[in-house]
Amino acid sequence: MAGWHLPHIGLRTVKTGLAVALALFFADLRGSPLPIFAAIGAIVAMSRTVGDAFETCRTQFFGILLGAGFGAVFVNLFEGFRYIGTGLGLILLILLCVQLRLQFAVPLACIVFVSICLSPANEAFEYGANRLLDTSIGLATALAVNVLIKPYNNRARITSLLTHFLQSVPAYVEERVLHGRYPDLAPLRAQLDRIASELAIFEKQRAFRAHSRAAQAAFLRGCEQLAHSVWQELSALCAMDERGRLSPENAERLAILGLSAPEGMAGSARSQADIVGNYHLDNLLRAYQYLTEFSGTAQLEKEK
């Protein structure tokens, strides 16, 4: 068909299919009666980052372990009083999760518990054990695939966002400092929020990466703090009623950025507004310079 093309297939999609296939294969090797839970475990554990995958595996494992264990006990103790046993068991199960600080596993544990309680009493232990084992196979398989096959790395995206932030700043400085206007800082704030969000994702990847990844996360967090300092100082300048006169030093530093001060605007301080404005501008330009140097280093490291 004219104009038809194959849709983009992401790596996570491919890894999910591989993990499910392997999990079903391993479940079949042990003769599992419930291979569907191996597939489910592999699917839910294939998160974007390895850190997220680990958290999902922890939730799934403890949720099923507690739910299946409690369910197997209560379905036998209250075989003739299933409804009462199920309600009482749920209460005790939730209390146990809270005491063990496993609140994250409460919803899944309760679901598994009820499914066990609805099974015949003579099959409860076997069903619970098989579900836990098959799900564990799926979880372990997905975690291994996620770790071994090109783990997610958004470092290049963070570096790109920092570069875009740097490129945006001079126009804001020109508007406020040289022309005396009040630019809308919301787009710049949105860039900072996105950098912080991507950094949070990057930091989740450290547990299953080399020590250098932790150092990279600290370095990128430092760059983000410098970017935030630039935004704070720009916000302070925008909060002033007067823009003030530029000091000769700041005028020279602006010229390096390609920003030329209007004639007569630069000179010695004459008012409080001049002093305060140059103070915030000096802080802004210092943070901007450091961020430029650090971002250049990050770019070089990325290209190695």
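Residue numbers run consecutively from 1 along every chain, following the written order of its sequence. At least 70 in pLDDT is required for a residue's local features to be given in this predicted model, at least 80 for side-chain atom pairs to be given and counted, and no such filter applies to totals for whole chains, interfaces and linings, which use all residues. To obtain the side-chain values, all non-hydrogen atoms of the structure were used and water was disregarded.

Draft legend 1. A look at helix 4 (residues 82-99). Secondary structure is summarised from DSSP: a helix means a run of H or I of at least four residues, a strand means a run of E of at least two, and numbering begins at the N terminus for each. What a helix is expected to span follows from its residue count: subtract one and scale by 1.5 Å. Look at helix 4: 25 Å from first C-alpha to last across 18 residues, which is about the 26 Å you get at 1.5 Å a residue. Those residues of helix 4 that fall on the buried side of the exposure criterion are Gly 85, Thr 86, Gly 89, Leu 93 and Cys 97. The buried residues of helix 4 occupy an angular sector of 95° when the element is viewed end-on, so they sit on one face. The outward face of helix 4, more than 90 degrees from its buried face, is lined by the exposed residues Tyr 83, Ile 84, Ile 91 and Gln 99. Residue contacts follow a heavy-atom distance rule, with two residues in contact if any of their heavy atoms lie within 4.5 Å. Packed against the buried residues of helix 4 are helix 3 (50-77) and helix 5 (106-117). Following helix 4 by one or two positions, Arg 101 has its phi on the positive side, about 60°. Summary of the burial criterion: residues with accessible area below 20% of their type's maximum are buried, those above 50% are exposed, and those between are partly exposed, where the area comes from a 1.4 Å probe applied to protein chains only. Arc definition: it is the arc formed by the directions from the helix axis to the C-beta atoms.

Draft legend 2. Looking closely at the pattern of salt bridges. Each reported salt bridge corresponds to a side-chain nitrogen of Lys or Arg within 4 Å of a carboxyl oxygen of Asp or Glu. The full count for this structure, using the stated rule, is nine salt bridges. A salt bridge links Glu 55 to Arg 58, with the shortest nitrogen-to-oxygen separation between them at 2.8 Å. Highlighted residues: Glu 55 and Arg 58, both in helix 3, separated by three residues, approximately one helical turn. A residue is classified by how much of its surface remains accessible, and Arg 58, at 32% relative accessible area, is partly exposed. Glu 224 is paired through a salt bridge with Arg 221; the nearest N and O atoms lie 3.3 Å apart. Linking Glu 224 with Arg 221, this pair stays in helix 9 (residues 211-238), spanning three residues, or about one helical turn. Exposure remark for Arg 221: the relative accessible area of 22% places this residue in the partly exposed category. Three or more residues are tied together by salt bridges with common partners; here these are Glu 203, Arg 221 and Glu 224.

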